[in-house]
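Residue strings, one per chain:
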Amino acid sequence: MFRGFFSLFIPAFSGRNRKPKRRVQGAARVAGANFQPTDAAGAAGPRVLLADLAGDRGGAATGHVTNALSRCGCIEVFRANQVLKMSKAGNIVQQLVMAADKGRGWVEEQGADLPLDFNETFDPVLHAGVLAAIGPTFKGSRGRIAEFLAPALQGTKVFIQAPPDGLNEDQHATVLTTIGNAFAAHFRLGGGDKKLGNAGAAYKMALKKISSEQAPEIWAVAHSHYASVLKAQGDGKTDEATEALKNAAVAYQKITETLSRVAHPYDWALAHINHGLVLYRLSGRSGRAAYLQEASKSFEEALTVYTKEAMPPRWAEVTNQYGVILLAIKRFRQALEIRKRDKMPLLWAQTANNLGAACFSLAKRNAEAALLREASSCFEGAVEIYQTSGAAKKAEVIRNNLSRVERLLSARGG
């Protein structure tokens, strides 16, 4: 059961309005009597691919999930004829990530949205968890998913009020975290600010069930989600919003102090990145250089895990974020060593635009014409990419910045 609920924290796949590429080695469509397309025009709804987990004898648990989800009106269910085996190496999070990597291949082949396993007692959490995992990134009618998510969330109240019989504290914490995720997803689907507050409350309840010493992995997941709620509540310029950001920074720092860089490298590094991003927002509100200095340290720590040699794409992404915080020309140039224009045009344009802004900002202070020429080149390239890709608004904003650069370059005789 623990593995089943924890699997909800594996990233979901965005929906695709297309037919499965193939059904070789079997993913049979489960005929749901109540299945309806997600909109009146008959567009395809989200597809869920269910696979038996090794240890589920006879596929009984997966059979229940299949039947339960086939009764959820907006989901189209497929069942794989293969068993998803869990590795015995590493901790539970690493095992699930490795299993999810294999499942991703099946999902891509079948055009589904989420591999999942659950137990019969938890139908309301199952429906809410699956809809929440799919909804925010689904490319079809997300409003339709929100309509089904609302009553599913109503059915989870019993799990908030008291844990079902036979559920230990760790397991109840994972259920509460799943419910929190569902409330957060409903917020992103337009459910209103109250849903965000409900998500935060569910995460806080989960954190009361467990300790960082006894269950560091479950605690870190719940704490990270709670910090995300605080970060979202930090939007705006009110004192309450600023306080929420400060609390988010504290939450992410606690994760970095609790998790081990050796045992949980990626979660540890991600917490450092989020910590740095929150500190960056706080620096913009307060003008305090200390926040930026601390943010810089957080990104330096993260880059000890996401190295250029071991994980070049992730390294480039983090390095670009680092550059945004400090407007660091060196960091943007480094990121462009990986984000090549011919291979990753949109990522190249994003970083090139950032580099152009950093060069322009510095050139206004030191009057260096070479920096202005570099900014001009970066902006020109970014405009071309965004214009070609159909991002006209982004192209127009950058084109205005390019005009400013050209005027200053002309005034300085460059």
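What counts and how
- Numbers given to residues run from 1 along each chain, matching the order in which its sequence is written.
- Whole-chain, interface and lining totals are the exception, using all residues; otherwise, since this is a predicted model, local features are given only for residues with pLDDT of at least 70 and side-chain atom pairs are given and counted only at 80 or more.
- Side-chain numbers come from the whole structure's heavy atoms, not from hydrogens or water.
- Where helices and strands are cited, they refer to DSSP runs of H or I of at least four residues and of E of at least two residues respectively, numbered from the N terminus.
- Think of it in three bands: with a 1.4 Å probe and only protein chains considered, a residue is buried below 20% of the maximum accessible area for its type, exposed above 50%, and partly exposed in between.
- Any pair of residues with heavy atoms lying within 4.5 Å of one another is described as a contacting pair.
- The accessible surface values rely on the Shrake-Rupley method and a 1.4 Å probe; as for residues, cover is taken only from the protein chains in view.
- What we call a nonpolar core is a set of buried Ala, Val, Leu, Ile, Met, Phe, Trp, Tyr and Cys residues that are connected through their side-chain atoms within 4.5 Å.
- Expected helix span is computed as 1.5 Å times (number of residues minus one).
- Throughout, the arc means the angular range of directions from the helix axis out to the C-beta atoms.
- Ring geometry is summarised as follows: Phe, Tyr and Trp rings, the Trp one being its six-membered ring, pair when their centres sit within 6.5 Å, and such pairs are stacked at plane angles under 30 degrees, edge-to-face over 60 and tilted between the two.
- Two thresholds decide whether a charge sits over a ring: the Lys NZ or Arg CZ must be within 6 Å of the ring centre and within 35 degrees of the ring normal.
- By definition here, a salt bridge exists when the distance from a side-chain nitrogen of Lys or Arg to a carboxyl oxygen of Asp or Glu is within 4 Å.
- Residue-level confidence of the predictor is summarised by pLDDT, bounded by 0 at the bottom and 100 at the top.

### With respect to the overall build of the protein
Along the backbone of the protein there are 17 helices and three strands. Across the 414 residues of the protein, 50% fall into the buried class. Partitioning the intrachain contacts of the protein with sequence separation of at least 6 by distance along the chain shows that 66% fall at a separation of at least 24. Split by element, the accessible area of the protein, about 19300 Å² in all, is 51% carbon and sulfur.

### Things to note about the nonpolar core
Among the nonpolar cores identified, the biggest contains 76 residues, and L69 and I75 are the most heavily contacted of them. Looking at this core, the element that brings in the most residues is helix α7 (residues 169-191), giving nine residues. Apart from the residues within four sequence positions on either side, L69 is in contact with V48, L50, I75, V77, L126, H127 and V130. Residues L355, L371, A395 and L409 belong to the second largest nonpolar core, which totals 25 residues.

### Points about helix α10 (residues 239-258)
Between its first and last C-alpha atoms α10 spans 29 Å; for 20 residues at 1.5 Å apiece the expected length is 28 Å, and the two agree. Those residues of α10 that sit buried are A241, A244, L245, A248, A249, A251, Y252, I255 and T256. Looking down the long axis of α10, one finds its buried residues gathered within 160 degrees of arc, a one-sided arrangement. Exposed and oriented more than 90 degrees from the buried face of α10 are D239, E240 and E257.

### Structural notes on the packing of aromatic side chains
All told, the structure shown has two aromatic pairs when counted by the stated rule. With 5.5 Å between their ring centres and 15 degrees between their planes, F299 and Y322 make a pair best called stacked. Here the residue F299 occupies a position in helix α12 (residues 289-302), and Y322 occupies one in helix α13 (residues 312-326), the gap between them amounting to 23 residues. Seen from the ring of Y291, R288 lies directly overhead, with NZ or CZ sitting 4.6 Å from the centre. We note K364 situated over the ring of F360; from NZ or CZ to the ring centre the distance is 4.8 Å.

### Things to note about the environment of K204
By the element assignment, K204 lies in helix α8 (residues 193-209). Here the alpha-carbon distance between K204 and A222, two residues 18 residues apart in the chain, equals 8.1 Å.

### Topic: the pattern of salt bridges
One side chain can pair with another of opposite charge once the charged atoms of both are near each other. If you walk through the whole model with that rule in mind, you get seven salt bridges. We note a salt bridge from E396 to R399, for which the minimum N-O separation is 2.9 Å. Of this pair, E396 and R399 both sit in helix α17 (residues 392-411), three residues apart, which is roughly one turn of that helix. The partly exposed category is assigned to E396, whose relative accessible area is 38%.

### As for the confidence of the model for the protein
When pLDDT is averaged along the protein, the result is 80, and 77% of the positions lie at 70 or above. When mean pLDDT is taken per element in the protein, α10 scores highest with 95 and helix α1 (residues 2-6) scores lowest with 34. pLDDT under 50 marks residues 31-42. Its contacts with residues more than four places away, or in other chains, come to 26 contacts. Counting interchain partners and residues more than four positions distant, the pLDDT-below-50 stretch residues 106-118 has 71 contacts.

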